[in-house]
Amino acid sequence: MKILALESSCDETAVAIIEDGHLLSSVVSSQIDIHRRFGGVVPEIAARNHLEIIDKIVESSLEEAHMTLDNIDVFASTMGPGLVGSLLVGLSFAKAMALSTSKPFIGINHLFGHVYANFLKYPFLRPPFMVLLVSGGHTEILVLRDWDKIELIGKTRDDAAGEAFDKIARLLELGYPGGPAIQKAAMKGEVLYHFPRPLQEKGNFDFSFSGLKTSVLYFLRKNPSASVNDVAASAQEAIVDSLVTKAFDAAGNSGLNEIAFAGGVASNSLLRDRAEKLSEETGVRVYFPPVDLCTDNAAMIAMVAYEKAKRGLFSPLSTNAVPYLSLDVF
Ligand code: KG4
Ligand code: ZN
């Protein structure tokens with residue numbers, strides 16, 4: 001079964017083709033350079049840019065897989081959550097391809113996609129396992145109970161982890177996106193300052209990152225000559241410490257001995273090192289998608305589509321974009 005999937009929920013235009021769960025092509029065009037000067041994604045500009053290039057990205061992906069549209073058996077696209085204008089571009093394009101070739105269409109939940117990125121690297125992995133989903137919009141501890149069922153264990157009460165990286169990078173004038181910029185600066189700095197790790201009571205699996213941002217802001221006002229690299233290293237330490245400690249506590253609490261990481265922040269090298277170290281200490285196994293499949297891509301969307309297609313879970317062409325699509329929807 002050959003599946004072509006589209007992903008356009010935020011600022012990446014992505015197309016992938018898989019055959020029976022094996023990746024044949026994954027093309028990602030990032031708009032980062034366009035949005036950088038605004039310090040974040042501008043939704044209207046993102047949607048317009050998706051529209052301008054989506055047909056070319058589909059063509060590149062078909063070329064990479066040595067295929068034409070007629071070879072594709074199923075078309076899929078992210079239907080949410082995400083920016084509505086951006087979502088509509090990929091969704092409408094996928095539905096149009098399905099209609100014109102008389103092939104089925106499947107709408108995909110982007111959050112399942114991030115979790116499923118792990119199956120591209122670890123095809124032997126099977127639910128149930130713990131998941132730490134950390135991206136620009138999401139910070140959640142989850143259990144993938146079954147292929148189609150995600151259980152929420154804890155989540156952020158305010159900012160997402162990626163959002164914290166982005167906002168602190170802005171305070172430090174390190175540019176956008178903040179995660180990679182902070183990681184780079186932190187490598188040249190030292191963890192000299194202690195920033196807060198809230199909600200530390202045992203059994204509390206929620207996160208809060210807005211206080212950290214404020215704490216960095218006040219620190220910089222009081223210490224204008226502090227080294228940016230040291231502050232970056234200390235802030236990264238606080239975020240990663242919170243994330244990893246809670247993920248392992250949740251695994252211990254639930255009796256699951258596998259944690260899969262997902263989302264853009266899962267590409268962070270300190271997070272990976274810390275998780276590997278705790279894995280050795282506790283015996284809980286950890287899984288990380290390749291760095292380029294942590295951030296938004298269509299290969300992960302195609303993997304969800306494959307599991308849905310095998311179960312005959314196709315979507316009607318009346319399927320609409322759902323900006324706040326929840327974890328309950330497979
Ligand atoms: O998953 P993603 O590409 O998009 C969303 O669905 O949100 O995640 C983007 C987020 C951004 O906030 C970015 O700063 C963060 O992931 N990020 C990182 C790293 N690379 C990307 N955060 C920390 N360290 C990184 N190396
Ligand atoms: Zn994402």
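If you're wondering where the values come from, they're calculated on a predicted model, not measured in any experiment. (Residues numbered from 1 in each chain as written. Chains lettered and ligands numbered in written order. Predicted model: local features only at pLDDT ≥ 70, side-chain atom pairs only at ≥ 80, totals over all residues. Heavy atoms only, no water.)

A.B. asks: Explain the sheet that holds strand E4 (residues 74-80) to me, and be specific about the residues and the numbers.
C.D. replies: Taken together, five strands build an open sheet; the order of strands is E3-E2-E1-E4-E5 and the sheet is mixed. Edge positions in the open sheet fall to strand E3 (22-30) and strand E5 (105-109), since each of these has one partner strand only. On average, adjacent strands in this sheet sit at an angle of 20 degrees to one another, irrespective of strand direction. As paired elements, strand E2 (residues 12-19) and E3 share eight bridges and run antiparallel to each other. (Pairing = 2+ DSSP bridges. Helix = DSSP H or I, 4+ residues; strand = E, 2+ residues; numbered from the N terminus. Axes fitted to C-alpha atoms, helices over the stretch in contact; angles between N-to-C directions.)

A.B. asks: How would you explain the site of ligand 1 if you had to name every residue and give the values?
C.D. replies: For ligand 1, the set of nearby residues contains 20 residues, the closest of which are Gly136, Asp166, Gly179, Gln183 and Asn268. Within the contact set of ligand 1, an oxygen atom lies 2.7 Å away from a side-chain nitrogen or oxygen of Asp166. For ligand 1, an oxygen atom lies 3.0 Å from a polar atom in the backbone of Gly179. Relative to its free-state accessible area of 560 Å², ligand 1 is covered by the protein chains to the extent of 87%. Taken together, the elements giving at least two residues each to the shell around ligand 1 come down to helix H4 (110-121), helix H5 (161-171) and helix H6 (178-187). (Near = heavy atom within 4 Å. Polar contact = N/O pair within 3.5 Å; in protein donor to acceptor, adjacent residues only side chain to side chain. Areas by Shrake-Rupley, 256 points an atom, 1.4 Å probe, with all protein chains shown as cover.)

A.B. asks: Requested: an account of the environment of Arg126, with residues and values cited.
C.D. replies: One can find Arg126 in the loop between H4 and strand E6 (129-134). Separated by 17 residues in the primary sequence, Arg126 and Asn109 place their C-alpha atoms 19 Å from one another. Excluding residues that lie within four positions of it along the chain, Arg126 makes contacts with Trp147 and Glu258. A distance of 3.0 Å separates a polar side-chain atom of Arg126 from the backbone oxygen of Pro123. (Contact = heavy atoms within 4.5 Å.)

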